[in-house]
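What the coordinates show
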Amino acid sequence: MRLAILTLAAALFAASAHADVVTDWNVASFDVMTTANVAGAPAARALAIVHVAMADAVNAVQNRHARYAHKGPLQPSASAEVAASSAARSALSALFPPQRARIDAAYAAATSGVPDGPAKEAGVKLGEEAAAAVLADRANDDSAVPDTYRPITTPGNWVPTTPPLTAQYARAKPWGFDNADRFRPGPPPELTSARYARDYNETKDLGGVRSTQRTPAQTEAVKFWSQPNLTLAWYQAARQLGAARQMNLADSARTFALLSAGLANTFIVDWDAKFHYHFWRPITAIRNGDQDNNAATERDAGWVPLNTTPMHPEYPSQASIIAGTASALLAQAVGDANAGPITLADSAEPKLTRQAANLAAMAEEHRQVRIWGGIHFRSSLEASERMGRALAEHMLQTLYTPAR
């Protein structure tokens, strides 16, 4: 399956033929993490480490943008391509030691065209230093603290016994700012409000497994936007749009570093808010519609969502923060919010592809499927979109700004 994914990726992007070491290592990183069975917040963290290390290494040579963690002297005589590959190899090897052979093979392929000599040697050393600096910055980021989530209950009452996913990320160190609650939205609507009733009935009507109001096209969209595709699709978009614009190495490194750090941040700011508000999911709300003191929310005792409900609170929406953050960052990188078209390949079934007319359309569908799939309310999508765009704007103003 992994080979099929990589083969399809090569076919999709062969027409542009402008892949660089940044996009090559992005594909290789997904391959490594798939083999290691790493996904979700830990995968986002790993990709941020890899791409930030690469961007720092490239900018230590070319000095196009400010660096994040590596503060060593500029080395303009080093090979920027080798420095980037060395940083990626060092970061991935530190994060996934059992995958060292696979990582080394990717490194050999990435650097085979660079002749031996001082520039290559300097690039190797520089990349190792850049990766070490980023890894040191993340060493105490609290992403690996013990899971101590405490279910809210009263003695004797049953609660779901599957722990929430990576709840400790609510306390993890963000990329580029100090506190996870910096982008925390206001609370979800009151259960007795008309707005909540609007949200409730929309998701109830459109998101149930037996819905007669959801269109076949909406159902297909829900099936495509499964959890593994939520972040992978934005990297596919970044590769294609960067290739179409023949992005140079420094700009490519910056784009992927901002995108990766931004996506890692979405888990942190989202988890902070989720575990602050503890808002119930539609399956719980709709099956208990007679308990919310809202006359406009009629209970459906057997309601089941089309999507499997994720194991963490509803508000805000991770998918919508991702859509807001990624679309804003990529629109700035390529200079066009309407950039496209974009071809997306399913992570589990590579022959299944989906077309997006542009970044804006991709982001909009990315959000809407959470209602069509029955796992979110509209107010959550709206708040999360604002969170994502505010996060992107902050990162664009503070990270990888022009160095000259």
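Right above here is the structure, for reference.
So, here's what we can say about the structure.

Basis of the calculations
- Residues numbered from 1 in each chain as written.
- Predicted model: local features only at pLDDT ≥ 70, side-chain atom pairs only at ≥ 80, totals over all residues.
- Heavy atoms only, no water.
- Buried < 20%, exposed > 50% of the residue type's maximum accessible area, 1.4 Å probe, protein only.
- Helix = DSSP H or I, 4+ residues; strand = E, 2+ residues; numbered from the N terminus.
- Pairing = 2+ DSSP bridges.
- 1 Å grid on protein atoms, 1.4 Å probe; cavity = no way out; pocket = protein on both sides within 12 Å on 5 of 7 lines; lining within 4 Å.
- Points joined across faces, edges and corners; volume = space filled by probe spheres on them.
- Nonpolar A, V, L, I, M, F, W, Y, C, P; charged D, E, K, R; others polar.
- Salt bridge = Lys/Arg side-chain N within 4 Å of Asp/Glu carboxyl O.
- Phe/Tyr/Trp six-rings, centres within 6.5 Å; stacked < 30°, edge-to-face > 60°.
- Lys NZ or Arg CZ within 6 Å of the ring centre and 35° of its normal.

1. Digging into the pairing of strand β2 (residues 353-356)
When a strand is regular, its side chains alternate between the sheet's two faces. What you see with β2 is a clean split: R354 and A356 sit on the buried side and T353 and Q355 on the side with no burial. Pairing of strand β1 (residues 342-345) with β2, which is carried by four bridges, proceeds in the antiparallel orientation. The residue of β2 that forms the bridge with I342 is A356.

2. Brief notes about empty space enclosed by the protein
Applying the stated criterion to the full structure yields three cavities of 30 Å³ or more. For the largest cavity, the calculated volume is near 60 Å³. If you go around the largest cavity, you meet ten residues; those closest to its centre are D20, T23, G242, A243 and S252. Broken down by secondary-structure element, the contributors of at least two residues to the lining of the largest cavity are α9 (229-244) and α10 (249-277). It is α9 that provides the largest number of residues to the lining of the largest cavity, a total of four residues. For the lining of the largest cavity, the class distribution of residues is four nonpolar, four polar and two charged. Estimated volume of the second largest cavity: approximately 50 Å³.

3. Focus on the environment of A348
Topologically, A348 is positioned in the loop between β1 and β2. A348 gets classed as partly exposed once you look at its relative accessible area, which sits at 47%. Taking the C-alpha atoms as reference points, A348 and A328, 20 residues apart in sequence, are found 27 Å from one another.

4. Things to note about the layout of surface pockets
Volume-wise, the second largest pocket comes out at about 820 Å³. For the lining of the second largest pocket, a count of residues per class yields 15 nonpolar, six polar and one charged.

5. Quick word on unusual backbone geometry
At the junction of Y315 and P316, the peptide bond is cis and its omega measures out at 0 degrees in the coordinates. Examined against the element boundaries, P316 turns out to sit in the loop between α11 (282-287) and α12 (318-334). Here the phi dihedral of H278 falls at roughly 50 degrees; this positive angle occurs in a residue that is not glycine. Here H278 is to be found in the loop between α10 and α11. Of note in the backbone geometry, N293 takes a positive phi value of approximately 60 degrees without being a glycine. One can find N293 in the loop between α11 and α12.

6. Examining the pattern of salt bridges
In this structure the tally under the stated criterion is 19 salt bridges. A salt bridge links R195 to E382, with the shortest nitrogen-to-oxygen separation between them at 3.2 Å. Note that R195 is positioned in helix α7 (residues 194-207) and E382 in helix α14 (residues 378-398), a separation of 187 residues in sequence. A relative accessible area of 40% means that R195 is categorised as partly exposed. Its salt-bridge partner being E220, residue K223 comes within 4.0 Å of it at the nearest N-O pair. Highlighted residues: K223 and E220, both in helix α8 (residues 216-224), separated by three residues, approximately one helical turn. Here K223 falls in the exposed class, since its relative accessible area comes to 54%. Salt bridges sharing partners connect three or more residues here, namely R195, R198, D199 and E382.

7. As for the packing of aromatic side chains
Enumeration according to the criterion identifies twelve aromatic pairs in this entry. Here the aromatic rings of F267 and W271 are separated by 5.6 Å at their centres, their planes lie at 55 degrees, and the arrangement is tilted. Within this pair, F267 and its partner W271 are both found in helix α10, separated by four residues, close to a single helical turn. Residues F267 and W271 agree in their burial class; the two are buried. Looking at R89, its charged tip hangs above the ring of Y107, at a distance of 3.6 Å from the centre. Here the basic side chain of R138 rests over the ring of W175, its NZ or CZ set 3.9 Å away from the ring centre.

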